[in-house]
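# Chain and residue survey
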Amino acid sequence: MNENETRNSYIFYGRRKGRSLSKSCQLALIEGVKYLIKKEELSNIVNTEKRIILEIGFGDGKNLINSARINTNALYIGADPFLNTTARCLHKLLKYNLNNVVIWPDDVRKILKYFPRKSISEIKILFPDPWPKKKHQNRRLIQDEFLKTIGSIMKNEGTITIATDEDRLKRWILEKFQKYKNFEWEAKCSKDWQSRPIDCYETKYEFKSIIQKRNPSWFVFKKK
Ligand SMILES: C[S@@+](CC[C@H](N)C(=O)[O-])C[C@H]1O[C@@H](n2cnc3c(N)ncnc32)[C@H](O)[C@@H]1O
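Note that the structure is predicted; figures quoted are calculated from it, not measured.

## Comments concerning the overall build of the protein
Tallying secondary structure elements over the protein gives eight helices and seven strands in all. For a compact globule of 224 residues, the expected C-alpha radius of gyration is about 17 Å, and the protein comes in at 17 Å, within 12% of that figure. Dimensions of the protein, computed from the C-alpha atoms along their principal axes, are close to 45 × 40 × 35 Å. Classification of the 224 residues of the protein by burial places 48% in the buried group. Long-range contacts, defined as pairs at least 24 residues apart, comprise 81% of the intrachain contacts of the protein with a sequence gap of at least 6.

Structure, rendered in structure tokens:
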């Protein structure tokens with residue numbers, strides 16, 4: 001998890017470490033090391049009958065932890081390169097002593113190729129970094145190559161849920177998925193994208209979005 005480790009193949013835009021960590025978060029990084037996974041371990045970890053749910057950019061872990069507490073029969077894999085939020089999430093994992101969550105504390109794109117084909121049942125990406133400016137659009141997570149990769153590692157009928165309150169990113173997401181015929185947009189009416197799906201919990205960024213009177217949308221796509 002050190003800075004140099006991540007410089008190998010991806011450039012990180014923005015910060016990987018913010019303010020200095022509180023004592024409890026520093027402790028969580030030490031005690032919570034049991035939750036951290038290595039790339040090479042992934043194929044063994046996902047070799048299970050359980051439903052595999054991948055949350056990309058879990059932030060402080062609100063959705064990840066609440067979901068894992070309810071669905072104890074599913075295995076949750078959380079990926080986020082930001083050290084401070086990972087520490088906060090580990091702190092909660094230790095508090096609730098969860099044994100159905102593992103954490104990849106880095107860029108998710110580095111582990112996607114380690115998932116066996118058709119192994120993931122659900123992917124959640126809640127409020128990804130929007131990179132609203134046109135000149136930064138190649139920094140967005142949702143790209144053609146990304147969709148191609150997740151298309152192969154997701155189970156048929158598996159779902160990917162993406163939330164955002166940034167209009168340019170909303171259009172971008174819909175355009176990208178429309179182009180990629182392996183996914184079908186689940187929405188039947190506007191209510192379907194204007195309200196949070198029942199299997200997602202309010203996150204810090206959704207809360208911020210509502211306070212700022214922005215309109216979050218939730219897009220659910222099903223793998224054909
Ligand atoms: C705007 S925050 C949203 C956090 C949380 N999902 C929420 O709704 O409160 C975006 C998160 O995505 C993470 N992130 C950005 N790029 C990522 C990547 N390539 N792989 C995994 N996580 C990433 C960031 O570190 C950050 O925690």
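Here the narrative resumes.
## Describing helix H6 (residues 167-179)
Relative to the 18 Å expected for 13 residues at 1.5 Å per residue, H6 spans 19 Å between its end C-alpha atoms, a close match to the ideal helical length. What H6 keeps buried is the set Leu169, Lys170, Trp172, Ile173, Lys176 and Phe177. Along the axis of H6, the buried positions cluster into a sector of 165°, meaning they face one direction only. For H6, the exposed residues lying more than 90 degrees away from the buried face are Gln178 and Lys179. Buried-residue contacts for H6 involve helix H5 (144-153), strand E5 (154-164), strand E6 (183-185) and strand E7 (217-223).

## Here we look at the sheet that holds strand E4 (residues 120-126)
The mixed open sheet is built from seven strands, whose spatial order is E3-E2-E1-E4-E5-E7-E6. At either margin of the open sheet sits one strand with a lone partner, and together these are strand E3 (101-104) and E6. On average, each strand axis in the sheet is tilted by 20° relative to the strand beside it, whichever way the strands run. Where H5 meets the sheet, its contacts fall on strand E1 (52-56), E4, E5, E6 and E7, and the angle it forms with E5 comes to roughly 140°. Contacts from H6 reach E5, E6 and E7, with the element oriented near 10° to E7.

## Thoughts on the site of the ligand
Around the ligand, 18 residues are found, and the nearest of them are Gly57, Asp80, Asp107, Leu126 and Thr203. Asp80 has a polar side-chain atom sitting 2.6 Å from an oxygen atom of the ligand. Between Thr203 and the ligand, the recorded distance is 2.7 Å, taken from a side-chain N or O atom to an oxygen atom. In the complex, the protein chains occlude 88% of the 600 Å² of accessible area that the ligand would expose alone. Across the shell around the ligand, the residue classes tally to ten nonpolar, three polar and five charged.

## Describing the packing of helix H1 (residues 23-31) against helix H4 (residues 83-96)
Between H1 and H4, the shortest axis-to-axis distance is 8 Å and the interhelical angle comes to 75°. In this view, H1 runs roughly perpendicular relative to H4, as classed from their interaxial angle. Between H1, through Ser24, Cys25, Ala28, Leu29 and Glu31, and H4, the contact on the second element is made entirely by Leu83, Ala87, Arg88, Leu90, His91 and Leu94. Residues belonging to the contact of H1 with H4 are distributed by class as follows: seven nonpolar, two polar and two charged.

## Some remarks on the confidence of the model for the protein
Model confidence for the protein is summarised by a mean pLDDT of 91, while 93% of its residues fall at 70 or above. Here residues 1-9 is modelled with pLDDT under 50, and outside its nearest four sequence neighbours on either side it reaches 14 contacts, counting other chains as well.

## Considerations on the pattern of salt bridges
Considering all chains together, one arrives at twelve salt bridges under this definition. In this structure, the salt-bridge partner of Lys179 is Asp144, at a minimum N-O distance of 3.2 Å. Here Lys179, found in helix H6, pairs with Asp144, found in helix H5; they are 35 residues apart in sequence, far enough to count as distant. Under the relative-accessibility criterion, Asp144 is labelled partly exposed at 37%. Notably, a salt bridge pairs Arg214 with Asp165, separated by 3.2 Å at the nearest N-O pair. One end of the pair, Arg214, is in the loop between helix H8 (204-211) and E7; the other, Asp165, is in the loop between E5 and H6, and 49 residues separate them in sequence.

Quick notes on the rules
- Residues numbered from 1 in each chain as written.
- Predicted model: local features only at pLDDT ≥ 70, side-chain atom pairs only at ≥ 80, totals over all residues.
- Heavy atoms only, no water.
- Helix = DSSP H or I, 4+ residues; strand = E, 2+ residues; numbered from the N terminus.
- Rg over C-alpha atoms; globule rule 2.2 N^0.38 Å.
- Buried < 20%, exposed > 50% of the residue type's maximum accessible area, 1.4 Å probe, protein only.
- Contact = heavy atoms within 4.5 Å.
- Expected span 1.5 Å × (residues − 1).
- Arc of directions from axis to C-beta.
- Pairing = 2+ DSSP bridges.
- Axes fitted to C-alpha atoms, helices over the stretch in contact; angles between N-to-C directions.
- Near = heavy atom within 4 Å.
- Polar contact = N/O pair within 3.5 Å; in protein donor to acceptor, adjacent residues only side chain to side chain.
- Areas by Shrake-Rupley, 256 points an atom, 1.4 Å probe, with all protein chains shown as cover.
- Nonpolar A, V, L, I, M, F, W, Y, C, P; charged D, E, K, R; others polar.
- Parallel < 35°, antiparallel > 145°, perpendicular 65-115°, else oblique.
- pLDDT = per-residue confidence, 0-100.
- Salt bridge = Lys/Arg side-chain N within 4 Å of Asp/Glu carboxyl O.

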